[in-house]
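What follows is each chain in one-letter form.
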Amino acid sequence: MLHIGCHLSISKGFLHIGQEAFSIGADTFQFFTRNPQGGKAKDIDAVDAAAYNAFAAQNGFAKIVAHAPYTLNPCSDNPQTREFAEMVFADDLKRMEFVPHNYYNFHPGSHVGQGAQKGIEMIIELLNRILQPQQTTTVLLETMSGKGSEVGRSFEELAAVIAGVKLKEKMGVCLDTCHVFAAGYDIVNNLDGVLTEFDKIIGLERLKAIHLNDSLMPFASNKDRHAKIGEGEIGQAALVRFVCHPSIKNLPIILETPNDLKGYAAEIKMLRTAAKDA
Ligand code: FE
Ligand code: FE
Ligand code: ZN
């Protein structure tokens, strides 16, 4: 059985979001750790988090994915922005221990003209300062579409970040289908080739989670616009093949498609049915 869910709002707490996910046929989900634009996070309610942990265990939930705010940029040229990134990141990792053994996904950042190499070094520096040997959370680098000066547009850039991190066992990758397609990885016509390349450069054992999105923008456009499954340039057939691939089908799969709850429920149902028939 696939482990599949979608991005949901955690504004009503962990137990509520778990129950909401369950109600639409999901057994995982993603949430923002705080306002996606950054800002102060609400205190975690320890009782609510414990209730979620019990609910998730009872219902066989897979690992869930926390998403860092979009404004978090470890490789900005502005020291204050980098300090803010470090503060938010460290605080989020502390909070994640209320729901232990899950994932924390972040956009590696934008080097804003300093060059990818410099950006990669700054991301490594931040990770080496805040990762803790005792943390149970695995930190995921998201594959990016390569818009602007984004770091993480290639498997090589992500591998270079991981290579510099001391606590490598705390690191993984979240592959976003829209982003890799827009970055020029042909998951439509050459899925095996793309995953073989991922394995060679990063190692498939580092692939921990999937963002499943169709792409409004064409192949290799370096533009990041998510579409509903089957309403973009990747297409439903290719996305079904993707989730059924032996290297993918056991990972938590998160939909970030432009949908309401009903739309998400329908996509989850379609993908579960397709995977059963595959
Ligand atoms: Fe993301
Ligand atoms: Fe994503
Ligand atoms: Zn995106």
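Rules of the game
- Residues numbered from 1 in each chain as written.
- Chains lettered and ligands numbered in written order.
- Predicted model: local features only at pLDDT ≥ 70, side-chain atom pairs only at ≥ 80, totals over all residues.
- Heavy atoms only, no water.
- Donors = N, O, S within 2.8 Å, 3.2 Å for Na, K, Ca; no water.
- Helix = DSSP H or I, 4+ residues; strand = E, 2+ residues; numbered from the N terminus.
- Buried < 20%, exposed > 50% of the residue type's maximum accessible area, 1.4 Å probe, protein only.
- Pairing = 2+ DSSP bridges.
- Right-handed = clockwise from strand over helix to strand, strands pointing away.
- Axes fitted to C-alpha atoms, helices over the stretch in contact; angles between N-to-C directions.
- Contact = heavy atoms within 4.5 Å.
- Tetrahedral: all angles 85-135°; square planar, octahedral: opposite > 155°, others 65-115°.
- Phe/Tyr/Trp six-rings, centres within 6.5 Å; stacked < 30°, edge-to-face > 60°.
- Lys NZ or Arg CZ within 6 Å of the ring centre and 35° of its normal.

(A) Region of the structure containing the coordination of the iron ion (ligand 1). Within the protein, His 67 (NE2), His 107 (NE2) and Glu 142 (OE) serve as the donor atoms for the iron ion (ligand 1), at 2.1 to 2.3 Å. Donor residues binding the iron ion (ligand 1) come from one chain and are separated in sequence as H-x39-H-x34-E. Taken as a pair, the iron ion (ligand 1) and the iron ion (ligand 2) lie 3.3 Å from each other and share Glu 142 as a ligand. Of this pair, His 67 sits in strand S3 (residues 65-67) while His 107 sits in the loop between strand S4 (103-106) and helix H4 (116-130), placing them 40 residues apart in sequence.

(B) Representation of the pairing of strand S2 (residues 28-32) in the model. Of all five residues that make up S2, five are buried, and the element is covered over most of its length. By the alternation rule, side chains of S2 split into Thr 28, Gln 30 and Phe 32 and Phe 29 and Phe 31, which are all buried. Summarising the sheet, strand S1 (residues 3-7) and S2 pair through three bridges and their orientation is parallel. Residue pairing in the sheet places His 7 in a bridge with Gln 30 of S2. Between S1 and its parallel partner S2, the chain crosses via helix H1 (residues 14-23), and the hand of that crossover is right-handed. Judged from the three bridges that link them, S2 and S3 form a sheet pairing that is parallel. Bridging across to S3, Gln 30 finds its partner in Val 65. Remark: the S2/helix H2 (residues 46-58)/S3 crossover connection has right-handed handedness.

(C) Quick peek at the sheet that holds strand S10 (residues 252-255). Spatial ordering of the closed barrel is given by S1-S2-S3-S4-S5-S6-S7-S10, a layout of eight strands whose pairing is parallel. When strand polarity is set aside, the average angle formed by the axes of neighbouring strands in this sheet is 30°. Here helix H5 (residues 155-164) sits on the sheet and contacts strand S5 (138-142) and strand S6 (171-176); the angle it forms with S5, its principal contact strand, is near 150°.

(D) Broad picture of the coordination of the iron ion (ligand 2). Each protein donor to the iron ion (ligand 2) is listed here as Glu 142 (OE), Asp 176 (OD), His 211 (ND1) and Glu 256 (OE); together their distances run 2.1 to 2.3 Å. Considering all four donor atoms around the iron ion (ligand 2), angles at the metal cover 88 to 176° and the coordination shape is irregular. All donors to the iron ion (ligand 2) come from one chain, and their sequence spacing reads E-x33-D-x34-H-x44-E. On the accessibility criterion, Glu 142 (1% relative accessible area) is buried.

(E) Structural view of the packing of aromatic side chains. All chains considered together, the criterion is met by 13 aromatic pairs. Ring centres 6.0 Å apart and planes at 35° place the aromatic pair Phe 14 and Tyr 52 in the tilted group. Placement of the pair is Phe 14 in helix H1 and Tyr 52 in helix H2, with a sequence separation of 38 residues. In this structure, Phe 14 and Tyr 52 share a single accessibility class: buried. Both rings, one in Phe 32 and one in Tyr 70, keep their centres 5.4 Å apart while their planes meet at 80°; by these two values the pair is edge-to-face. Pair noted here: Phe 32 is in strand S2 and Tyr 70 is in the loop between S3 and helix H3 (79-96), with a separation of 38 residues, a long-range link. Overall, Phe 32 belongs to the buried group, its relative accessible area being 18%. Among the residues examined, Tyr 70 registers a relative accessible area of 47% and is labelled partly exposed. Of the aromatic side chains, those joined through ring pairs into one cluster are Phe 14, Phe 22, Phe 29, Phe 31, Tyr 52, Phe 55 and Phe 61. Lying across the ring of Tyr 103, Lys 63 places its NZ or CZ 5.9 Å from the centre.

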